[in-house]
Amino acid sequence: MIKVVIIDDNAEFLKEVYEIVKSYFDRCRIPVMIKTYDSSQLLLYDLDEKIIYDIYFLDIEMPGINGLQLASDIRKEDEKAIIIFITSYLKYSIVGYELGIFRYIPKTNLKEKLVAALQSASSELGKMTEQFYIVSTPTKYEKIKYSDILYIYKDRKYAIINCKESVYKVRKSLKEVYDDLAGFGKRQFIFIERGYIVNIMQINKIQNGEVLLMSGETLHIGRSYYSEIKKSIAEFWSDK
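This text gives an overview of the structure that appears in the document. Everything numeric here is computed off the predicted structure, so don't read it as measured data.

### A few points about the packing of helix α2 (residues 40-48) against helix α3 (residues 67-77)
At step 1: The contact between α2 and α3 brings their axes to 11 Å, and the two run at 10 degrees. Considered as vectors, α2 and α3 are oriented roughly parallel to each other. Residues S40, L43, L44 and L47 of α2 lie in contact with α3, whose contacting residues are L70, D73, I74 and E77.

This is how it looks when you write it as C-alpha cells:
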C-alpha cells in the first residue's frame, strides 16, 4: 500500500488535491492510504513518532513552518521519500534542489500536472518496492514480478504459475510456493480453494461462487473458502 500525506492550510484546496490523488489510485487499482493536514506541525508530530509516508504533497508558503523547512525535516527521517511541492511560487525550485524535491506543481495547472506527477511517483515507488518470485531449476533462474502473476494452481507434484504473458512450472507444492512469498506477498495472494492461489490485485469481482480476473478468466471458489476470501480482500485493500 502506498502512503500519502497532503498538507495545505487552505481547506478547499486540500480537498481538491485529495480527490485528484484518491481518484488516480482508485483508477489504477493501487491500494492507498491518504492523510490530510492543514498544519505543518501535525506532520512533525508524525515524524517525531517515526511515522513516515511514501509521497508528501507540501505547500511552500504556510504559516509557522513553511514547506522548505518541513521538507528538510522529512529528509532527516527518510532519504527516499518522494516530496512534491504544490505551489504558486516556482521561484523556490532552485532552493529546493538540495532537498531532492521530486517535482514542483503550479496551483494554476493543478489537475494535469498532478496526475503526471502521480504517474511518475508511482513508477518510482514501483522500482523501489517491486517484489519478485524466484523460479529456480537446474536449467533456469528467473525473477517473476508479483504484479505479473495471475494465479497459481496444483498439477500433481508441480505448481503452475500463470502470469500475464508466460506460464512457469515448478516442482513444489502450493503450500511451499505460498510460503516462499515474502510478507506482503502472502497478503497479496490467497487460496480460493485447495488447489488454487490467486493474486488479489488481479481480481475484478466475485460473483456466483467464482472469481472473475482482470484477464477475463474465471476460477471456482471452494465453498469453505468464500467468507475468508471476502475478508482477505477487504483487509488487503484497506490495509487493515
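### Overview of α3
At step 1: Of the positions making up α3, those classed as buried are G67, L68, L70, A71, I74 and R75. The buried residues of α3 occupy one face: seen down the axis, they fall within an arc of 155 degrees.
At step 2: Two to three positions downstream of the cap, the backbone nitrogen of L68 sits 3.0 Å from a side-chain oxygen, assigning the N-cap of α3 to N66.

### A short note on the packing of aromatic side chains
At step 1: Within this structure, the stated rule accounts for 8 aromatic pairs.
At step 2: With a centroid separation of 5.7 Å and an interplanar angle of 85 degrees, the aromatic rings of Y146 and F189 are classed as edge-to-face. Of the two residues, Y146 sits in the loop between β7 (140-145) and β8 (149-155) while F189 sits in strand β11 (residues 189-193), which places them 43 residues apart along the sequence. In this structure, Y146 and F189 share a single accessibility class: buried.
At step 3: For the pair Y153 and Y196, a centre-to-centre distance of 5.5 Å together with 20 degrees between the ring planes defines the contact as stacked. Note that Y153 is positioned in strand β8 and Y196 in strand β12 (residues 196-199), a separation of 43 residues in sequence.

### A short note on the sheet that holds β12
At step 1: If you walk across this open sheet you meet the 5 strands as β10-β9-β8-β12-β11, and the pairing is antiparallel. The strands lining the two open edges of the sheet, one partner per strand, are β10 (167-170) and β11. Ignoring strand direction, the axes of neighbouring strands in this sheet form an average angle of 20 degrees.
At step 2: Pairing of β8 with β12 involves 3 bridges; the strand directions are antiparallel. If you follow I152 over to β12, its bridge partner there is I197.

### Examining unusual backbone geometry
At step 1: Unusually for a residue other than glycine, K50 sits at a positive phi of about 65 degrees.
At step 2: Within the element layout of this structure, K50 appears in the loop between α2 and β3 (55-58).
At step 3: Given the relative accessible area of 59%, K50 is considered exposed.
At step 4: Unlike most non-glycine residues, R156 shows phi in positive territory, near 55 degrees.

### Considerations on the sheet that holds strand β5 (residues 103-106)
At step 1: Ordered by their spatial adjacency, 5 strands build an open sheet running β2-β1-β3-β4-β5, and the pairing between neighbours is parallel. The open sheet has two edge strands, β2 (32-37) and β5, and neither has a second partner. Each strand of the sheet is rotated relative to its neighbour by a mean of 20 degrees, with strand direction disregarded.
At step 2: Along the sheet, α3 makes contact with β1 (2-7), β3 and β4 (82-87), crossing β4 at roughly 175 degrees.

### Observations concerning the environment of L43
At step 1: Take L43: it is sitting in helix α2.
At step 2: Note on L43: relative accessible area 0%, which makes it buried.
At step 3: L43 sits 27 residues away from L70 along the chain, and the two C-alpha atoms are 8.4 Å apart.
At step 4: Beyond its immediate sequence surroundings of up to four residues, L43 is in contact with V5, I7, Y37, Y53, Y56, L58, L70 and I74.

### Notes on a nonpolar patch on the surface
At step 1: Residues F132, I134 and Y141 make up a contiguous nonpolar surface patch of about 300 Å² in total accessible area.
At step 2: The residue F132 is located in strand β6 (residues 132-137) in this model.
At step 3: Judged by relative accessible area, which is 32%, F132 ranks as partly exposed.

### Comments concerning the pairing of strand β14 (residues 210-213)
Taken residue by residue, a regular strand's side chains alternate between the two faces of the sheet.
At step 1: Here strand β13 (residues 203-207) pairs with β14 via 4 bridges, running antiparallel. Note on β14: the bridge partner recorded for K205 is L212.
At step 2: In sequence, β14 turns back onto strand β15 (residues 218-220) through a hairpin of 4 residues, with G216 there showing a positive phi of about 100 degrees.

Calculation criteria
Residues numbered from 1 in each chain as written. Predicted model: local features only at pLDDT ≥ 70, side-chain atom pairs only at ≥ 80, totals over all residues. Heavy atoms only, no water. Axes fitted to C-alpha atoms, helices over the stretch in contact; angles between N-to-C directions. Helix = DSSP H or I, 4+ residues; strand = E, 2+ residues; numbered from the N terminus. Parallel < 35°, antiparallel > 145°, perpendicular 65-115°, else oblique. Contact = heavy atoms within 4.5 Å. Buried < 20%, exposed > 50% of the residue type's maximum accessible area, 1.4 Å probe, protein only. Arc of directions from axis to C-beta. Polar contact = N/O pair within 3.5 Å; in protein donor to acceptor, adjacent residues only side chain to side chain. Phe/Tyr/Trp six-rings, centres within 6.5 Å; stacked < 30°, edge-to-face > 60°. Pairing = 2+ DSSP bridges. Patch = residues over 30% accessible without salt bridge, like charges linked within 9 Å, V, L, I, M, F, W, Y side chains within 5 Å. Areas by Shrake-Rupley, 256 points an atom, 1.4 Å probe, with all protein chains shown as cover. Salt bridge = Lys/Arg side-chain N within 4 Å of Asp/Glu carboxyl O.

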